Amino acid sequence: MGPEMQIGIPRHTSVGMGCHEGNIGKTMRYLTSAWAAGLTFMGTAALAQENFEGLETIGKPVERGTGFQPAVTELARDIQWLDTFLLVIITIISLFVTALLAYACWKFYEKRNPNPSSFTHNTAIEVTWTVVPIAILVVIGVFSLPVLFKQQIIPEGDVTIKVTGYQWYWGYEYVDHGFGYESFMLERDQLAEYGYADDEYLLATDTAVVVPVNATVVMQVTAADVIHSWTIPSFGVKQDGVPGRLAELWFKAEQEGVYFGQCSELCGQAHAYMPITVKVVSQEVYDAWLAGAIDQYAGIPLEDDVLKLASN
Ligand SMILES: [Cu+2]
């Protein structure tokens, strides 16, 4: 596996040179086709981008869907539970206020109540309508703040990936292994070739983020030009990538499968064309993929790397 393995693979050798990266973004179409051409030329280069046979697509929008995508992390379950909890509270409040209004309209209608009372204060009522909303907010806080803290307190990661948003694609670096690659949206006529369904247009990318199931993954999120936002709805994560800053999010996906997301911060003309694909695979499949990816993207001979790891 010599340096020729990297031909046709669009890859940044440096990160953080915002204005120069923008120029590379303009050649997105060229790079995508160069990458595809590279794959055709080099059979083994497809190793790191294999389709992972039998991997079910779980996290994607469905026709006429109105609810959440399936939750496969604790964070996503928490968020969806909180949503239902708040829906119950707001429904009770709305019904109560509506009933109160209807009752007042009926009870104090001019013909039914010709001589309105003239009092202006009622201490009991005023205390009640101050204290009850405060109590409701406290209850909401008690249940929502732990969910927020769980998202924001970043645990030690089993896998750390740095994601950089560019106009208009994503770059991923497996920081513990010294390699990275970029991820471009697939055109309609490329979907089948990469193993995606037709309705996954605008969601599927040429390369995917690959992570092991039941592992804590820490994503370091940043951007090189303007603000982007990295999200996977099924994981319950969303984080703005801000140029010059390194934010973090974490997730622990509990189900193998393919998950999609889209850039969620308006970032310019092709904002809608920089989707996110994450493939959650078994630890064994991940290890095999990782070995191939290190070899393909970093050009580090596999044996040397294994020796180096073993000697540590
Ligand atoms: Cu974006």
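Residues numbered from 1 in each chain as written. Predicted model: local features only at pLDDT ≥ 70, side-chain atom pairs only at ≥ 80, totals over all residues.

Secondary structure summary: the protein contains 6 helices and 11 strands in total. By residue count, 31% of the 312 residues in the protein fall in the buried class. Restricting the contact set of the protein to residue pairs at least 6 apart, pairs at least 24 apart contribute 72%. (Helix = DSSP H or I, 4+ residues; strand = E, 2+ residues; numbered from the N terminus. Buried ≥ 20, exposed ≤ 12 C-beta atoms within 10 Å, placed from the backbone. Contact = placed C-beta atoms within 7 Å.)

Of all 7 residues that make up strand β11 (residues 275-281), 7 are buried, and the element is covered over most of its length. With burial as the criterion, each face of β11 is covered, one bearing P275, T277, K279 and V281 and the other bearing I276, V278 and V280. As paired strands, strand β5 (residues 209-212) and β11 are joined by 4 bridges and run parallel to one another. Counted as the bridge partner of P212 is V281 from β11. Pairing of strand β10 (residues 257-262) with β11 involves 6 bridges; the strand directions are antiparallel. Among the inter-strand pairings, G261 is bridged to a residue of β11, identified as I276. (Pairing = 2+ DSSP bridges.)

The subject of this paragraph is the sheet that holds strand β1 (residues 57-59). Reading across the sheet, the 4 strands line up as β1-β10-β11-β5 and stay open at both edges, with mixed pairing between neighbours. At either margin of the open sheet sits one strand with a lone partner, and together these are β1 and β5. On average, adjacent strands in this sheet sit at an angle of 30° to one another, irrespective of strand direction. Along the sheet face, helix α5 (residues 283-298) touches β5 and β11 and points at about 135° away from the line of β5. (Axes fitted to C-alpha atoms, helices over the stretch in contact; angles between N-to-C directions.)

A general trend in soluble globular proteins is that nonpolar side chains are found buried together. Residues V211, F235 and V278 are the most contacted members of the largest nonpolar core, which totals 52 residues. With 5 residues, α5 is the single largest residue contributor to this core. (Core = buried A, V, L, I, M, F, W, Y, C linked by C-beta atoms within 7 Å.)

With that settled, the discussion passes to the packing of helix α3 (residues 74-107) against helix α4 (residues 123-152). At a minimum axis separation of 10 Å, α3 and α4 run at an interaxial angle of 165°. On the basis of their axis angle, the class for α3 and α4 is roughly antiparallel. Note on packing geometry: the crossing formed by α3 with α4 is left-handed. Where α3 abuts α4, its residues L75, D78, I79, L82, F85, L86 and I89 lie against I136, I140, F143, S144, V147, K150 and Q151. When its residues are assigned to classes, the contact of α3 with α4 shows 10 nonpolar, 2 polar and 2 charged. (Parallel < 35°, antiparallel > 145°, perpendicular 65-115°, else oblique. Left-handed = near helix turned anticlockwise from the far one by under 90°. Nonpolar A, V, L, I, M, F, W, Y, C, P; charged D, E, K, R; others polar.)

Here the focus is the sheet that holds strand β9 (residues 247-251). Hydrogen bonds along the backbone pair up the strands of a sheet, which may run parallel or antiparallel. With mixed pairing, 5 strands are arranged side by side in an open sheet as β4-β3-β2-β6-β9. Where the open sheet ends on each side, the last strands, each with one partner, are β4 (179-183) and β9. For this sheet the average axis-to-axis angle between neighbouring strands, irrespective of direction, equals 25°. Pairing of strand β3 (residues 169-174) with β4 involves 5 bridges; the strand directions are antiparallel. Across the sheet, residue Y172 finds its bridge partner in β4, namely Y181.

With that settled, consider the environment of A197. Residue placement: A197 occurs in the loop between β4 and β5. The sequence separation of A197 and T57 amounts to 140 residues, and the corresponding C-alpha distance is 9.6 Å.

Of all the 5 residues making up strand β7 (residues 228-232), 5 are buried; the element is thus mostly covered by neighbouring parts of the structure. Burial along β7 is two-sided: H228, W230 and I232 and S229 and T231, pointing in opposite directions, are all buried. Bridging between β7 and strand β8 (residues 237-241) involves 5 bridges; their strand directions are antiparallel. When the sheet's bridge partners are listed, W230 is paired in β8 with Q239.

Relative to the helices and strands, V285 is located in helix α5. Classification of V285 by C-beta neighbours within 10 Å gives partly exposed; the count is 19. For the pair V285 and P212, spaced 73 residues apart in sequence, the C-alpha to C-alpha distance is 8.0 Å.

We now examine the confidence of the model for the protein. Scored by pLDDT, the protein comes out at a mean of 84, with 79% of its residues at no less than 70. Low pLDDT, under 50, characterises residues 1-48; the predicted model gives this stretch 61 contacts beyond four residues in sequence or across chains. (pLDDT = per-residue confidence, 0-100.)

Right, let's talk about unusual backbone geometry for a bit. A cis amide bond links Q167 to the next residue, W168, at an omega of -5°. By the secondary structure assignment, W168 is in the loop between β2 (159-166) and β3. The backbone of L202 sits at a positive phi, close to 80°, despite the residue not being glycine. Mapped onto the elements of the fold, L202 is located in the loop between β4 and β5. L202 sits in the partly exposed class, given 15 other C-beta atoms within 10 Å.

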